[in-house]
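# Secondary and tertiary structure notes
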Amino acid sequence: MAIQVTNSAKETQKVGAKLAKQIKPPTIIALISDLGGGKTTFTQGLAKGLNIKEKIVSPTFVLERIYKIPKKSYALYHYDLYRIEPDDILIDEILENAKDNIVVIEWAEKILQRLPKDIIKIELSTLNDDRRKIKIS
Ligand code: ADP
Ligand code: MG
């Protein structure tokens with residue numbers, strides 16, 4: 001378990017980029033925070049660390065976005081469960097995609113009990129406007 005405090009969105013992105021260098025499929029990253037806690041910001045850094053050049057936006061209105069990772073045979077699957085009541089079909093799809101890819105999930109607390117134990121859990125809490133506490137476990 002690691003706890004760190006960041007003082008800007010950029011610093012949070014750097015934490016995500018650093019994590020990106022340490023992972024390969026199968027990986028599930030569960031992001032947990034309040035609205036504005038920095039889940040999408042963290043994912044932007046993660047994508048950058050995976051050398052993805054596309055702009056990462058919150059997939060709030062589309063459930064899932066897939067970003068190809070340059071020079072790799074796998075992709076980054078980005079889910080946002082904010083507006084969703086996840087059902088078994090969705091959970092199965094997430095687990096299936098995680099076998100061969102990197103999966104990152106915003107609002108993962110909605111399905112945490114149904115995910116395997118060996119996931120990376122990232123909890124972001126807002127200390128003030130620009131400060132976030134990031135717990136990685
Ligand atoms: P979420 O996806 O959890 O709703 P976002 O990443 O979309 O959150 O939004 C986080 C907002 O907080 C962004 O506007 C970002 O610029 C701002 N912010 C300020 N400080 C930080 C920080 N230390 N870490 C992450 N985001 C920060
Ligand atoms: Mg978001």
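Conventions we followed
- Each residue is numbered by its place in its chain's sequence as written, counting from 1.
- Chains and ligands are labelled sequentially in the order written, the chains with letters from A and the ligands with numbers from 1.
- Side-chain atom pairs in this predicted model are given and counted only at pLDDT of 80 or more, local residue features only at pLDDT of at least 70, and totals for whole chains, interfaces and linings cover all residues.
- Side-chain descriptors were evaluated using all non-hydrogen atoms of the structure, hydrogens and water having been removed beforehand.
- A simple rule labels every residue: compare its accessible area, found with a 1.4 Å probe on the protein chains alone, to the largest value its type can have, and call it buried under 20%, exposed over 50%, or partly exposed in between.
- Secondary structure is summarised from DSSP: a helix means a run of H or I of at least four residues, a strand means a run of E of at least two, and numbering begins at the N terminus for each.
- Two strands make a pair as long as DSSP finds a minimum of two bridges between them.
- By construction, the arc corresponds to the directions joining the helix axis to the C-beta atoms.
- Whether two residues are in contact is decided by their heavy atoms: any pair within 4.5 Å suffices.
- Candidates for patches are residues over 30% relative accessible area with no salt bridge; among them, like charges are joined within 9 Å and nonpolar side chains (Val, Leu, Ile, Met, Phe, Trp, Tyr) within 5 Å.
- A 1.4 Å probe and the Shrake-Rupley method give the accessible areas. Residues count as covered only by the protein chains that appear here.
- For this analysis, a salt bridge means a side-chain nitrogen from Lys or Arg found within 4 Å of a carboxyl oxygen belonging to Asp or Glu.
- Positive charges are assigned to Lys and Arg, negative charges to Asp and Glu, while His and the chain termini are left out of the count.
- Each charge is placed at NZ for Lys, CZ for Arg, CG for Asp and CD for Glu.
- The definition of a nonpolar core used throughout is a set of buried Ala, Val, Leu, Ile, Met, Phe, Trp, Tyr and Cys residues joined through side-chain atoms within 4.5 Å.
- Listed donors are limited to N, O and S atoms within 2.8 Å of the metal, widened to 3.2 Å for Na, K and Ca; water is not among them, so incomplete-looking sites are possible.
- Distances are taken per atom, and a residue is near a molecule or strand as soon as one of its heavy atoms is within 4 Å of it.
- Two N or O atoms count as a polar contact when they lie within 3.5 Å, although within protein this holds only if one can serve as hydrogen donor and the other as acceptor, and sequence-adjacent residues are included solely when both atoms are side-chain atoms.
- Residues were grouped as follows: Ala, Val, Leu, Ile, Met, Phe, Trp, Tyr, Cys and Pro as nonpolar; Asp, Glu, Lys and Arg as charged; and all remaining residues, including Gly, as polar.

## Re the pairing of strand β7 (residues 131-136)
- Alternating positions in β7 separate cleanly, Arg132, Ile134 and Ile136 being buried on one face and Arg131, Lys133 and Lys135 remaining unburied on the opposite face.
- The pairing of strand β1 (residues 2-6) with β7 spans five bridges and is classified as antiparallel. When the bridges of β7 are listed, Val5 appears paired with Lys133.
- Pairing between strand β6 (residues 120-128) and β7: six bridges, direction antiparallel. Looking across to β7, one finds that Ser125 is bridged to Lys133.
- Counted along the chain from β6 to the antiparallel partner β7, the turn is two residues long.

## Considering helix α3 (residues 88-100)
- Buried residues of α3: Leu90, Ile91, Ile94, Asn97 and Ala98, and no others. Viewed along the axis of α3, the buried residues span an arc of 130°, placing them on a single side of the element. Of the residues in α3, the exposed ones pointing more than 90 degrees away from the buried face are Asp88, Ile89, Lys99 and Asp100.
- Close packing links the buried residues of α3 with β2 (27-32), β3 (64-68), β4 (75-80) and β5 (102-106).

## Considerations on a positive patch on the surface
- A surface patch of positive charge is lined by Lys21, Lys53, Lys71 and Lys72.
- By secondary structure assignment, the location of Lys71 is in the loop between β3 and β4.
- The exposure class assigned to Lys71 is exposed, which follows from its relative accessible area of 89%.

## A word on the nonpolar core
- Within the largest apolar cluster, 23 residues are counted, with the highest numbers of intra-cluster contacts made by Leu19, Ile29, Leu46, Leu50, Ile52, Leu76 and Ile122.
- At the level of elements, α1 (9-20), β2, α2 (39-49), β5, β6 and β7 are the ones that each hand at least two residues to this core.
- Ignoring anything within four residues of it in the chain, the contact list for Ile122 reads Leu19, Ile29, Ala30, Leu31, Ile32, Phe42, Ile134, Lys135 and Ile136.

## Thoughts on the coordination of the magnesium ion (ligand 2)
- Taken together, Thr40 (OG1) and Glu106 (OE) make up the protein donors of the magnesium ion (ligand 2), found 2.1 to 2.2 Å from the metal. Separated by 66 residues along the polypeptide, Thr40 in helix α2 and Glu106 in strand β5 bring together distant segments of the chain.
- For Thr40, a relative accessible area of 17% translates into the label buried.

## Observations concerning the site of ligand 1
- Surveying the vicinity of ligand 1 reveals 18 residues, the closest of which are Thr12, Gly36, Lys39, Thr40 and Thr41.
- Within the backbone of Asp129, one N or O atom sits 3.5 Å away from a nitrogen atom of ligand 1.
- Arg132 is positioned such that a nitrogen or oxygen atom in its side chain is 3.0 Å from an oxygen atom of ligand 1.
- Protein coverage of the free-state accessible area of ligand 1, which is 570 Å², stands at 74%.
- For the shell around ligand 1, the elements supplying multiple residues, two or more each, are α1 and α2.
- Residue composition of the shell around ligand 1, by class: two nonpolar, ten polar and six charged.

## A few points about unusual backbone geometry
- The omega torsion of the bond from Pro25 to Pro26 falls at 0°, within 30 degrees of zero and hence cis.
- Topologically, Pro26 is positioned in the loop between α1 and β2.
- One non-glycine residue, Leu63, adopts positive backbone phi at about 70°.
- Secondary-structure assignment places Leu63 in the loop between α2 and β3.
- For Trp107, which is not a glycine, the phi torsion comes out positive at approximately 60°.
- Residue position: Trp107 is located in the loop between β5 and β6.

Purely spatial values, then, with no claim about function.
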